[in-house]
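# Architecture at a glance
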Amino acid sequence: MSRSGAPQAVVIVALVVLVMLVAPLASLAIWQWRSASSQSSKQDERAAVSKVASAYGDVALNYNAQNYQSQMDKAQKLMGGDLLDSFKRTTLPMLGETFKTNPEVALSSKTNQVYVGSVDGRFATAVVMVDIDVKTKDGGTSAPATLLRLALAKIDGTWKVTKQYASGTNDQNQQQQLPAVPGGGASQSPKAEKSAEPKN
C-alpha cells in the first residue's frame, strides 16, 4: 500500500507543479491577448477618426454651381452636433444664394495630411491640412496647407465632426474671423511648418 502510494504522491506533486507553472503562463497569454486586442482597437479607432477627418477636408470647401447640392449632402453625413446645426442654419442657405447670384464661383479643397490627436472613447481631435482654391469672375486664389482643427464625437457608433476651427481659433475668438468654411472657420489660416507636425 505504501509502495503504490508513493508513485501516486509523486504524480500528484508533479501535477501540482505543472498547474502552478501553466497557470501563470495562461494568465500571461490572456493578458497579452487582451493588451494586443486593446491596442488593435485603439489603432482601429484612430484609423476611423483619420478617415472621417480626411473625408471632411475633401468636402469642407469643395463647391461649385453644379455640384453644391450633392456636396452639401456629403458634408452633412460627416457632421454632427453644433457643426451640423450651424451648417444647416447658416451655410446651406448661404451657399444656395451664393451660387445663384455668382454661378462662376468655384471652391475646392483637398486633404493633404491628417494628424490624429487624442482619441478617448466617444471624443477625438484631429488636424487636417487641406489645399484650398477659390475661383471667381475676377480670378483665383490658393491657400495651400491650410490647417483646420476638428473636434469629433462618436454618434450612433460613427465618428462625426462636431466642431471646426481654423488654426489659431477657438470658441472664444472664432467670431472675429471671416466665415468661409462650414461652421464659421477663418477664410485663411497659417500654413503648416514642413519641419514639424502641427499641434492640437
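## A look at the overall build of the chain
Along the chain, the regular secondary structure elements total three helices and five strands. Ordered by position from the N terminus, the helices and strands of the chain form the series α-β-α-α-β-β-β-β. In the chain, 53% of the contacts between residues at least 6 apart in sequence involve partners at least 24 apart.

## Looking at the sheet that holds strand 5 (residues 158-166)
Overall, antiparallel pairing links the five strands, which are arranged 1-2-3-4-5 in an open sheet. Of all the strands in the sheet, just strand 1 (63-64) and strand 5 have a single pairing partner and so form its edges. Summarising the sheet, strand 3 (residues 123-136) and strand 4 (residues 139-155) pair through 13 bridges and their orientation is antiparallel. Counted as the bridge partner of V128 is L148 from strand 4.

## Thoughts on the packing of helix 2 (residues 68-77) against helix 3 (residues 81-101)
Close contact between helix 2 and helix 3 brings their axes to 11 Å; oriented N to C, the two are set at 170°. Between helix 2 and helix 3, the interaxial angle falls into the category roughly antiparallel. Contact with helix 2, carried on its side by Y68, M72, A75 and Q76, involves L84, F87, K88, L92, L95, G96 and F99 of helix 3 and no other residues of that element.

## What about the confidence of the model for the chain?
Detailed reading of predicted coordinates is not advised where the pLDDT is low. Of the residues in the chain, 63% have a pLDDT of 70 or more, and the chain-wide mean is 77. Contacts from residues 176-200, a stretch scored under 50 in pLDDT, to residues over four places away or in other chains number 53 contacts.

## Thoughts on the pattern of salt bridges
Using the criterion set out here, one finds one salt bridge in the structure. The closest approach of N and O atoms between E45 and K154, which form a salt bridge, is 2.8 Å. Of the two residues, E45 sits in helix 1 (residues 2-59) while K154 sits in strand 4, which places them 109 residues apart along the sequence. With a relative accessible area of 23%, E45 lands in the partly exposed category.

## Some points on helix 3
Counted at 1.5 Å a residue, the expected span for helix 3 with its 21 residues is 30 Å, and the 30 Å between its end C-alpha atoms agrees. Residue F87 marks the point of greatest curvature in helix 3, where the axis turns by about 40°. By the burial criterion, the buried members of helix 3 are L83, L84, S86, F87, T91, L95, G96 and F99.

## A few points about the nonpolar core
Judged by nonpolar contacts, the single largest core of 31 residues is most densely connected at Y56, Y63, M79, L150, L152 and V161. Of all the elements in the fold, those that place two or more residues in this core are helix 1, helix 2, helix 3, strand 3, strand 4 and strand 5. Residue contacts for L152: discarding those within four places in its chain leaves V49, V52, R122, F123, A124, T125, A126, W159, K160, V161 and T162.

Procedures and definitions
Residues numbered from 1 in each chain as written. Predicted model: local features only at pLDDT ≥ 70, side-chain atom pairs only at ≥ 80, totals over all residues. Heavy atoms only, no water. Helix = DSSP H or I, 4+ residues; strand = E, 2+ residues; numbered from the N terminus. Contact = heavy atoms within 4.5 Å. Pairing = 2+ DSSP bridges. Axes fitted to C-alpha atoms, helices over the stretch in contact; angles between N-to-C directions. Parallel < 35°, antiparallel > 145°, perpendicular 65-115°, else oblique. pLDDT = per-residue confidence, 0-100. Salt bridge = Lys/Arg side-chain N within 4 Å of Asp/Glu carboxyl O. Buried < 20%, exposed > 50% of the residue type's maximum accessible area, 1.4 Å probe, protein only. Expected span 1.5 Å × (residues − 1). Bend = angle between axes of the 7 residues up to and from the residue. Core = buried A, V, L, I, M, F, W, Y, C linked by side-chain atoms within 4.5 Å.

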